[in-house]
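Architecture at a glance
The primary structure of each chain is shown beneath.
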Amino acid sequence: MKYSIIIPVLNEEKNLVKIIPEIFTRLKKINFELIIVDDNSTDGTKEILQKIKDKKIKILYKSKNTGKGANMKNGLREASGDII
């Protein structure tokens, strides 16, 4: 069984560096994918995301801010897990 975790982000530069390692630590025995959907951040979030090279993480970028709901829908379209 595979889990899909969707994280919508907008200007989360300070939180991303804490959250991503914490997810991997807590879920190390679980089969999962992490889908991070950036809603056109302007604070450095994109630069942090561009440095991530992990096959368990899918990163989606939006060219304009369309809101959290649209961000979640974008993530749901990319999810391949049995449980989201």
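Not measured: the values here are computed from a predicted model.

Parameters and conventions
Residues numbered from 1 in each chain as written. Predicted model: local features only at pLDDT ≥ 70, side-chain atom pairs only at ≥ 80, totals over all residues. Heavy atoms only, no water. Helix = DSSP H or I, 4+ residues; strand = E, 2+ residues; numbered from the N terminus. Rg over C-alpha atoms; globule rule 2.2 N^0.38 Å. Buried < 20%, exposed > 50% of the residue type's maximum accessible area, 1.4 Å probe, protein only. Contact = heavy atoms within 4.5 Å. Areas by Shrake-Rupley, 256 points an atom, 1.4 Å probe, with all protein chains shown as cover. Lys, Arg positive; Asp, Glu negative; His and termini not counted. Charge placed at Lys NZ, Arg CZ, Asp CG, Glu CD. Salt bridge = Lys/Arg side-chain N within 4 Å of Asp/Glu carboxyl O. Phe/Tyr/Trp six-rings, centres within 6.5 Å; stacked < 30°, edge-to-face > 60°. Arc of directions from axis to C-beta.

1. Details of the overall build of the chain
Along the chain, the regular secondary structure elements total three helices and three strands. Beginning at the N terminus, the succession of helices and strands in the chain can be written as β-α-β-α-β-α. Over its C-alpha trace the chain gives a radius of gyration of 12 Å, about what one expects of a compact globule, namely 12 Å for 84 residues. Referenced to the eigenvectors of the C-alpha coordinate spread, the extents of the chain come out at roughly 35 × 25 × 15 Å. Burial statistics for the chain: of 84 residues in total, 32% are counted as buried. Sequence separation of 24 or more characterises 70% of the internal contacts of the chain that already satisfy a separation of 6 or more. On the chain, roughly 5,500 Å² of surface is accessible, and the fraction owed to carbon and sulfur atoms is 53%. Side chains of the chain give 17 positive and 11 negative charges; the mean places of these two sets differ by 3 Å.

2. Some details on the pattern of salt bridges
The full count for this structure, using the stated rule, is three salt bridges. The shortest N-O distance in the salt bridge between glutamate 22 and arginine 26 comes to 2.4 Å. On the criterion of helical spacing, the pair formed by glutamate 22 and arginine 26 is a turn pair, its members being four residues apart in helix α1 (residues 13-26). What makes arginine 26 exposed here is its relative accessible area of 65%. Ionic pairing is found between glutamate 33 and lysine 58, a salt bridge with its closest N-O pair at 3.4 Å. Residue glutamate 33 is found in strand β2 (residues 32-38), and its partner lysine 58 is found in strand β3 (residues 57-61); the two are separated by 25 residues along the sequence. Given a relative accessible area of 4%, glutamate 33 falls into the buried group.

3. Digging into the packing of aromatic side chains
Within the structure shown, the criterion is met by one aromatic pair. Arranged with centres 5.2 Å apart and planes meeting at 65°, the rings of phenylalanine 24 and phenylalanine 32 form a pair that is edge-to-face. The partly exposed category is assigned to phenylalanine 24, whose relative accessible area is 22%.

4. Thoughts on helix α3 (residues 68-78)
Residue pairs spaced three or four apart in an α-helix point in one direction, given the helix's 3.6 residues per turn. When we look at burial in α3, the residues that qualify are Asn71, Asn74 and Gly75. The arc that holds the buried residues of α3, viewed along the axis, is 95°, so those residues lie on one side. Across α3 from its buried face, at more than 90 degrees, point the exposed residues Lys73 and Arg77. Those residues of α3 hidden inside the fold are in contact with β1 (3-9), β2 and β3.

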